[in-house]
Amino acid sequence: MHFNHLNAHDSGKLGFIFYTIGDEPKFYYTEYDENLNRFGRRTRINLKPPYKNYSILASCNGLVFFGLVGFHGRFHNGYICICNPITGERIVLPQVGDARNILTGFGFGYCASTNEYKVVTIRWGTVLGYTLGSYTGWRYVENMDRDIIPGRKIGEFLNGAIHWVDQKGTIFAFDLADEEFHALPSSPCLLKAGNPPYVARLGEFLCAIYENGVSRDIWILKNYKNHEDVTWNNEFIRINAEPITFIRSGKVLGYRGLGRIVYRCDLKASSSKVRVKSGMLFQRGVPHRNTLVSLEGLGAIYRNY
């Protein structure tokens, strides 16, 4: 099913792409209404990935980035799919080397200066890039000597760059324009109890998040225009959930519990949270804005799903 409307964000609602728990993942689109604190009518996406166990990894300008998840949450090399639920277009990227290999890092984003969408993968220090519609396939970019923290391989795209954290707790960005890595200034609390933070995009902010049992401490980057102009907020936010995104009121939506129930968390009282009405259990979901960005228009070889 294709959607009949665009840009729920313009109507004051926040769109999401997610899939539900079950033997076969089912993909849906829904909108969060902050006034009612609930997810609205869900629309099934008849996406049929070429492989089972696909996971939603990211969404950028209406294009959804999927990867193949194996045992213990490992992401397998070469099984990457990108689609636009509005246009019904889908592209499966060529495999990178031996498909049995495991990626140690990957990300997806948009380069405004060249109007290009790029996928970046990291495998044991080797960085490869793929530009949609370029017909050049995977290309070598460089080698790097950073080890991305386990379990946080998905890079976060913001301001033209994809961001990860290494095991020393350093946040570094891969700029999609010059295709170079740049280290960002350390957050005010670099390491807590010897554990590095992970990086997350919450709304239009890049954040360093420290896990402390069931709670999360969130440090926010301010004035982040590029990797050379970065300052940190001098205060952190603590919530008892895994954050998903900021909403207009400044509160945070976050997961809590094994069933991945979504709560709205009040930042003024870390223990204050209200369950979001949804009628379903999430496995993973990402904020998503419907667009008409066309894979065909980008020159990518695609098929309808």
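Residues numbered from 1 in each chain as written. Predicted model: local features only at pLDDT ≥ 70, side-chain atom pairs only at ≥ 80, totals over all residues. Heavy atoms only, no water.

(A) Examining the confidence of the model for the protein chain more closely. With 75% of its residues at a pLDDT of 70 or more, the protein chain shows a mean pLDDT of 79. Taken element by element, the predicted model of the protein chain shows its lowest mean pLDDT in strand 26 (residues 303–304) (60) and its highest in strand 13 (residues 156–158) (93). Contacts from residues 1–10, a stretch scored under 50 in pLDDT, to residues over four places away or in other chains number 28 contacts. (pLDDT = per-residue confidence, 0-100. Helix = DSSP H or I, 4+ residues; strand = E, 2+ residues; numbered from the N terminus. Contact = heavy atoms within 4.5 Å.)

(B) Spatial organisation of the sheet that holds strand 13. Reading across from one edge, 13-14-15-16 is the order of the 4 strands in this open sheet, with antiparallel pairing throughout. Every other strand in the sheet has two partners, leaving strand 13 and strand 16 (180–183) as the edge strands with one partner each. Pairwise comparison of adjacent strand axes, ignoring direction, gives a mean angle of 30° for this sheet. Bridge count for strand 15 (residues 171–175) against strand 16 is 4 bridges, and the pairing is antiparallel. Note on strand 16: the bridge partner recorded for D175 is E180. (Pairing = 2+ DSSP bridges. Axes fitted to C-alpha atoms, helices over the stretch in contact; angles between N-to-C directions.)

(C) Layout of the side chain of E31. As for its placement among the helices and strands, E31 is situated in strand 2 (residues 27–33). For E31, which is buried and forms no salt bridge, the nearest opposite charge comes from K13, at a distance of 4.5 Å. Within the local environment of E31, its side chain forms a polar contact with the side chain of Y29, the two groups lying 3.3 Å apart. (Buried < 20%, exposed > 50% of the residue type's maximum accessible area, 1.4 Å probe, protein only. Lys, Arg positive; Asp, Glu negative; His and termini not counted. Salt bridge = Lys/Arg side-chain N within 4 Å of Asp/Glu carboxyl O. Polar contact = N/O pair within 3.5 Å; in protein donor to acceptor, adjacent residues only side chain to side chain.)

(D) Geometry of the packing of aromatic side chains. Scanning all chains against the criterion turns up 14 aromatic pairs. Consider the rings of F65 and F106, whose centres lie 6.5 Å apart with planes at 65°: the pair is edge-to-face. Placement of F65 in strand 6 (residues 63–69) and of F106 in strand 9 (residues 105–111) is noted, with a sequence separation of 41 residues between them. In terms of burial, F65 and F106 fall into one category: buried. Here the aromatic residues F65, F106, F108, Y110 and Y117 are joined through ring pairs into a cluster of three or more. Looking at R42, its charged tip hangs above the ring of Y28, at a distance of 4.9 Å from the centre. In this structure, R44 is placed above the aromatic ring of Y28, and the distance from its NZ or CZ to the ring centre is 5.9 Å. (Phe/Tyr/Trp six-rings, centres within 6.5 Å; stacked < 30°, edge-to-face > 60°. Lys NZ or Arg CZ within 6 Å of the ring centre and 35° of its normal.)

(E) Region of the structure containing the pairing of strand 19 (residues 215–222). Burial of strand 19 is extensive: 7 of the 8 residues sit out of reach of the surface. Direction of pairing for strand 18 (residues 205–212) relative to strand 19: antiparallel, over a ladder of 6 bridges. Residue C207 lies in a different strand from strand 19, and its bridge partner there is I220. Adjacent in sequence and paired antiparallel, strand 18 and strand 19 are bridged by 2 residues, among which G213 carries a positive phi angle near 70°.

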